[in-house]
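A closer look at the structure
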Amino acid sequence: MQVFNKKQPTSYMSSSREYLDMDSSKSTSSIKFKAKKGFFIERWVAVLLLFIVAVVAVALLVYFTCLQSSETYLDASNVSTTGSNVITDLLLPKTLTPIHYSVELQPFLPPDGNFSFSGQMKLRLRCTDATSHITLHIKNITVHEATVRITSASDQGLLVDIVNFAYDTNRQFLIVNLNKQLVPKNDYNISMKFLGLLNEDLNGFYRSSYVDETGRTRWLAVTQFQPTDARKAFPCMDEPALKATFDITLIRASNMTSISNMPIHHTEDRPNNNKADVYQTTVNMSTYLLAFVVSDYAFKANNATNTRFSVWARSGAMEQVEYALYAGPKTLDFFETYFNITYPLPKQDMVAVPDFNAGAMENWGLITYRESALLWDPKLSSPASKQRVLTIIVHELAHQWFGNLVTPKWWDDLWLNEGFASYMEYIGSDHVEPTWKMADQFISQDLHNVLELDSLESSHPVSNPVNNPDEINEIFDSITYSKGASIIRMMNMFLGESTFRKGLTNYLNAFKYQNAEQDDLWRYFTEASKEDGFNIDVKLVMDTWTRQTGYPVINISRDYDARTVKLIQKKFFLVPIGKNVSRTEAWHIPITYTTSVSNNFFDTRPQFWFYANNESITLNEHDGIPSKDEWVLFNIKQTSYYRVNYDIENWKLLIQQLESNHEVIDVINRAQLIDDAMDLARASQLDYNIALNLTNYLVKEVEYLPWDSATTNFGFIDDMLSVTAAYGKWKKLVAQRLKPIYEKNWLCWKRL
């Protein structure tokens, strides 16, 4: 799923993930040349406004508290509330596992409906330990108690008597208490009817609308279940590890259509001129990947591949689906080859939803998108929008294998889902549109962005324990997405592409239709590494990157006469911390480097490892360290997740190289040098004279990446100087950098 809004680069919009603006601490524009403006009020007015806001807030809090307490989930006479305000055990009891659901839902949409829905559900369960309780997840659903039935599937349908019901509000549990214990290894069926509301919260089973060409409002019912909102559509066991198969039936008006994860098996007539679409049984899958859409949408299909591929949208937007219909099947074919695993479903639908909270959602076989994330109008939309549509499509299709076929056992490992999809969106996009250099754009769009965020004390590890429901939504952030993608890219580079793909395919095959943890993935990568003769303990390495906050800066100091280089690692903080604060974090770091003599920017396999227990490492001339007039450069193509700070003399040698012939240094490393230098200066670990002198060569730079790195970092300086006397000099300096490249390219820009 794509849920947050990352920084907007100077030449195009963000990639697929919709980062919240607050997640990007770097400027979202290149440079701002304008005076600061403000709105001022008298102090007594401010106090009065603050008082009024406080009164309104308290009133709203009381109102919604009362509203929530008045909601009815079951007959109140039979409901008891258990648990306290502090959740100590979030998961369902381990006594029962789901086998198969049969779910029928009927949404009631205008003009005749009232935004409610009715449903019935039958669930087959397997008893693993003796228990006299059946516990399901439920939220904002009214269950008709008289319809709840429990029968033994293993004992000729013998009815199991119900004692009473309880509702645990903290855990969102419906607890059915029985008059006898269920028998281990036996199967049981629980069935019930229920009512719900098509809410306006953009989660669960909710309503959306659009206005057609005649000005009429059209309504549709759509779902968003990740992470824990399938329980808003039907009672279920709503945890990613509790996979099952599903038979879905959707009842609709005859002038509407429905879509779900699988193709329609058949359609039946129902009373009041309604139709019931009965869908084929799903594969074994998690509840959060289910999806339903009931609408009056149209669609276009691409049948050129083995998988039927369709794009759905409101009829007035069908001209805008062509690019998605081109990119989607091409991406699906690419991932079948990359993972060496055939896409397991017979069809793939993509739907543009007018009201959608996330950027997109990877529901298996039915991916839902914001309209702006799927539709592209060649007459009106920008190239930036086209790139955004592509990266989102690729991101979500990558999930069909990594996340859907194999799913993390719990949300602690969400980063595996989103980190892999975020990395693969660049690999897949590079295949679909090779001239866009998407693999290179990863550097400025993800790596540099998250290096800044992860250098703050407020950051967190990518593998983050989840102890209550609120924490699940909190971990859908740029650390999970972009740092996850960055360290996976690093792992790809230190394993090598063929070993990486072998380990990934073996892992997906071993756990397909099941659940796994990050250590399972590390085990398969380690085995692939041993088979290929590298013998890397991937868990040992990656635990230092997934279970710790932040990352290191490697300080490089050279003895120019002795031709040695000393490396020391230290945790990097963008905002300097107190001198007396002791930090013990250390990482297993794959080290790559080149020199002005060897000039090798192609070999990204580690030349050696800087292990966490090493205080320092020293290289000498036998390791290729050149004479004092030659530069050294570490982290080739910025494949690893760390910064590099050189001694002053080596910085000067690199500046000289950039000014004399910048193309000798790889374009990714040119962007890296700028980003490292500017953030090191911001952290008071490098003089700003060095950092700014490093950008002098930009008057000759024609590549996008270094300019994106520079302008993003210039934005911070612009903010800091905009209210100082030095601001005029700063604008002049930036203009000096920009003028030659602008004059050289203005005719091209004018045509655009």
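Described in the following lines is the structure provided in the data block. (Residues numbered from 1 in each chain as written. Predicted model: local features only at pLDDT ≥ 70, side-chain atom pairs only at ≥ 80, totals over all residues. Heavy atoms only, no water.)

1. A few points about the packing of helix H10 (residues 518–531) against helix H11 (residues 538–546)
Look at H10 against H11: their axes get within 9 Å of each other, and the N-to-C directions meet at 140°. Regarding the angle of H10 to H11, the classification is oblique. Viewed along their axes, H10 and H11 form a crossing whose handedness is right-handed. In this structure, H10 uses Gln518, Asp519, Trp522, Phe525 and Thr526 to contact H11, whose residues at the interface are Val538, Lys539, Met542, Asp543 and Thr546. Taken together, the residues of the contact of H10 with H11 sort by class into four nonpolar, three polar and three charged. (Axes fitted to C-alpha atoms, helices over the stretch in contact; angles between N-to-C directions. Helix = DSSP H or I, 4+ residues; strand = E, 2+ residues; numbered from the N terminus. Parallel < 35°, antiparallel > 145°, perpendicular 65-115°, else oblique. Left-handed = near helix turned anticlockwise from the far one by under 90°. Contact = heavy atoms within 4.5 Å. Nonpolar A, V, L, I, M, F, W, Y, C, P; charged D, E, K, R; others polar.)

2. Notes on the environment of Asn303
Mapped onto the secondary structure, Asn303 falls in the loop between strand E15 (298–302) and strand E16 (308–313). Sequence separation between Asn303 and Lys347 is 44 residues; the distance between their C-alpha atoms is 9.8 Å.

3. Some points on the environment of Leu721
The residue Leu721 is located in helix H15 (residues 704–721) in this model. Taking the C-alpha atoms as reference, Leu721 lies 9.7 Å from Lys731; in sequence the two are ten residues apart. Setting aside its immediate chain neighbours within four residues, Leu721 contacts Tyr727 and Trp730.

4. A closer look at the packing of aromatic side chains
Note on aromatic pairs: each is described by the distance of the centres and the angle between the planes. What the rule picks out here adds up to 39 aromatic pairs. Note on Phe500 and Phe525: the rings are 5.3 Å apart at their centroids and 15° apart in plane angle, and the pair reads as stacked. Of this pair, Phe500 sits in helix H9 (residues 497–511) while Phe525 sits in helix H10, and the two are 25 residues apart along the sequence. Phe525 shares its class with Phe500; the two are buried. An aromatic cluster is built from Phe402, Phe420, Phe500, Tyr507, Phe511, Tyr524 and Phe525, whose rings are joined through pairwise contacts. The ring centre of Phe115 lies 4.1 Å from the NZ or CZ of Arg207, which sits over that ring. Over the aromatic face of Tyr338 sits the side chain of Arg501, whose NZ or CZ is 4.3 Å from the ring centroid. (Phe/Tyr/Trp six-rings, centres within 6.5 Å; stacked < 30°, edge-to-face > 60°. Buried < 20%, exposed > 50% of the residue type's maximum accessible area, 1.4 Å probe, protein only. Lys NZ or Arg CZ within 6 Å of the ring centre and 35° of its normal.)

5. Things to note about the side chain of Gln441
Summarising the element assignment, Gln441 is placed in helix H6 (residues 438–453). Judged by relative accessible area, which is 7%, Gln441 ranks as buried. In this structure the side chain of Gln441 is engaged in a polar contact, spanning 3.0 Å, whose partner is the backbone oxygen of Trp436. (Polar contact = N/O pair within 3.5 Å; in protein donor to acceptor, adjacent residues only side chain to side chain.)

6. A closer look at the pairing of strand E8 (residues 204–211)
Within E8, six of the eight residues are buried, which leaves the element mostly enclosed by the surrounding structure. In the sheet, E8 pairs with strand E9 (residues 217–224) via eight bridges, with the strands oriented antiparallel. Note on E9: the bridge partner recorded for Ser209 is Trp219. Adjacent in sequence and paired antiparallel, E8 and E9 are bridged by five residues, among which Gly215 carries a positive phi angle near 90°. (Pairing = 2+ DSSP bridges.)

7. Remarks on unusual backbone geometry
That bond from Pro110 to Pro111 is cis: its omega, 15°, falls within 30 degrees of zero. Take Pro111: it is sitting in the loop between strand E1 (96–108) and strand E2 (116–127). Here Gln226 and Pro227 are connected by a cis peptide whose omega angle stands at 0°. Of note in the backbone geometry, Lys637 takes a positive phi value of approximately 55° without being a glycine. Residue position: Lys637 is located in the loop between strand E28 (632–634) and strand E29 (643–646).

8. Section: the sheet that holds strand E27 (residues 617–619)
One open sheet accounts for four strands, arranged E27-E23-E22-E29; its pairing is mixed. The sheet terminates laterally at E27 and E29, the two strands that pair on one side only. When strand polarity is set aside, the average angle formed by the axes of neighbouring strands in this sheet is 25°. Running over the sheet, helix H13 (residues 667–682) touches strand E22 (552–559) and E29 and is turned about 75° from E29.

9. Let's talk about the nonpolar core
Counting 221 residues, the largest nonpolar core has Phe234 and Phe634 as the members making the most contacts within it. Beyond its immediate sequence surroundings of up to four residues, Phe634 is in contact with Ile556, Val565, Leu567, Ile591, Thr592, Tyr593, Leu619, Tyr642, Val644, Tyr646, Asn669 and Gln672. (Core = buried A, V, L, I, M, F, W, Y, C linked by side-chain atoms within 4.5 Å.)

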